[in-house]
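For reference, the chains in residue letters:
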Amino acid sequence: LRAVSRDGDWTGWCEFFLRGIQGQAYENECKARNILALYDHVKNRVIELTHSQHAIRVVDFLFQSPVFAAPSFTYDSGIPKPTANRILTLLRDKEILVQLREGKGRLPGIYAFLQLLRIAEGTACFEAHP
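As the structure is a prediction and not an experimental result, all values here were calculated from the model. The residue numbering used here restarts from 1 in each chain and proceeds along that chain's sequence as written. Restriction of local features to residues with pLDDT of at least 70 applies here, the model being predicted, together with a cutoff of 80 or more for giving and counting side-chain atom pairs; totals for whole chains, interfaces and linings are based on all residues. Excluded from the side-chain calculation are hydrogens and water; included are all heavy atoms of the structure.

1. Describing the packing of aromatic side chains
Stated formally: Classification of ring pairs rests on two measures: the distance between centres of Phe, Tyr or Trp rings, Trp counted by its six-membered ring, which must be within 6.5 Å, and the angle between planes, read as stacked under 30 degrees, edge-to-face over 60 and tilted in between. Put simply, DSSP marks the helices as runs of H or I at least four residues long and the strands as runs of E at least two long, and each gets a number from the N terminus on. We call a residue buried when its accessible area falls under 20% of the maximum for its residue type, exposed when it is over 50%, and partly exposed in between, using a 1.4 Å probe and counting protein chains only.
What the rule picks out here adds up to eight aromatic pairs. Both rings, one in F61 and one in F73, keep their centres 5.2 Å apart while their planes meet at 80°; by these two values the pair is edge-to-face. Remark: F73 occurs in helix α4 (residues 70–77) and F61 occurs in helix α3 (residues 55–64); sequence separation between them is 12 residues. You can call F61 buried: its relative accessible area is 5%. The exposure class assigned to F73 is buried, which follows from its relative accessible area of 0%. Members of the aromatic cluster, joined through ring pairs, are F61, F68, F73 and Y111.

2. Things to note about the pattern of salt bridges
Operational definition: Salt bridges are defined by distance alone: a side-chain nitrogen of Lys or Arg within 4 Å of a carboxyl oxygen of Asp or Glu.
Within the structure shown, the criterion is met by six salt bridges. Here R33 and E29 are joined by a salt bridge, their closest N and O atoms 2.7 Å apart. Of the two residues, R33 and E29 are both situated in helix α2 (residues 10–50); the distance of four residues between them amounts to about one turn of the helix. The salt bridge involving R92 is made with D93; its shortest N-O contact spans 3.1 Å.

3. Examining the sheet that holds strand β2 (residues 98–101)
Cut-off, in case you're wondering: Two strands are counted as paired when DSSP detects at least two bridges linking them. Where helices are involved, their axes are fitted lines through C-alpha atoms of the stretch in contact, as for all axes, and angles between N-to-C directions lie from 0 to 180°. Throughout, a residue-residue contact means that at least one pair of heavy atoms, one from each residue, lies within 4.5 Å.
As summarised here, the arrangement of the three strands in space is β1-β3-β2, forming an open sheet in which the pairing is antiparallel. Pairing within the sheet leaves two strands with one partner each, and these edge strands are β1 (67–69) and β2. Sheet twist, expressed as the mean angle between neighbouring strand axes with direction ignored, is 30°. By the bridge criterion, three bridges tie β2 to strand β3 (residues 110–112) in an arrangement that is antiparallel. Paired with R101 across the strands is I110, a residue of β3. Docked against the sheet, α4 engages β1 and β3, running at close to 90° with respect to β1.

4. Focus: helix α6 (residues 114–121)
An α-helical segment advances 3.6 residues per turn. Residues three or four places apart therefore align on the same side. In plain terms, the rule: As used here, the arc is the angular range of directions from the helix axis to the C-beta atoms.
Considered for burial, the residues of α6 that qualify are L114, L116 and L117. The buried residues of α6 occupy one face: seen down the axis, they fall within an arc of 155°. Positive phi shows up at G122, right after α6, with a value of about 70°.

5. A closer look at the nonpolar core
This is how it is decided: We define the nonpolar core as a collection of buried residues of types Ala, Val, Leu, Ile, Met, Phe, Trp, Tyr and Cys that are connected through side-chain atoms lying within 4.5 Å of one another.
Ranked by size, the top nonpolar core spans 24 residues in total, and within it V58, L62, F68, F73, L91, L97 and F113 carry the most contacts. Per-element accounting of this core gives the leading share, six residues, to α3. Discounting residues that sit within four places of it in the chain, L62 has contacts with F68, L91, L97, F113 and L116. Of all hydrophobic cores here, the second largest spans seven residues; its members include L100, A112, L114 and L117.

Right under this line is the structure:
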């Protein structure tokens, strides 16, 4: 920016700015491709594990809400409660989901879909989970 005010170098500033946009666009494209690949992988895995007619609803919910309370999963996905609970337990046991907090009393269990969060955030999220 100093070159713009000192020398009138608008071209240099525009080149710098456009390189930044190009780099961010490339990074976002990579994230989007990785998320699509993860969706396909998880969809197949959930179908294989659950043998449930609700498998696609499960996967769609996970991609819409990668951190959620167990009652939200049951309510928002429209899956009957016994089936939803069975699927949550199965996905936790198969390490597709991580349980961040166990449900106790009136406190619901909290789950996270770390694979998606790692792609979206570009970092290791919730690594210190219990």
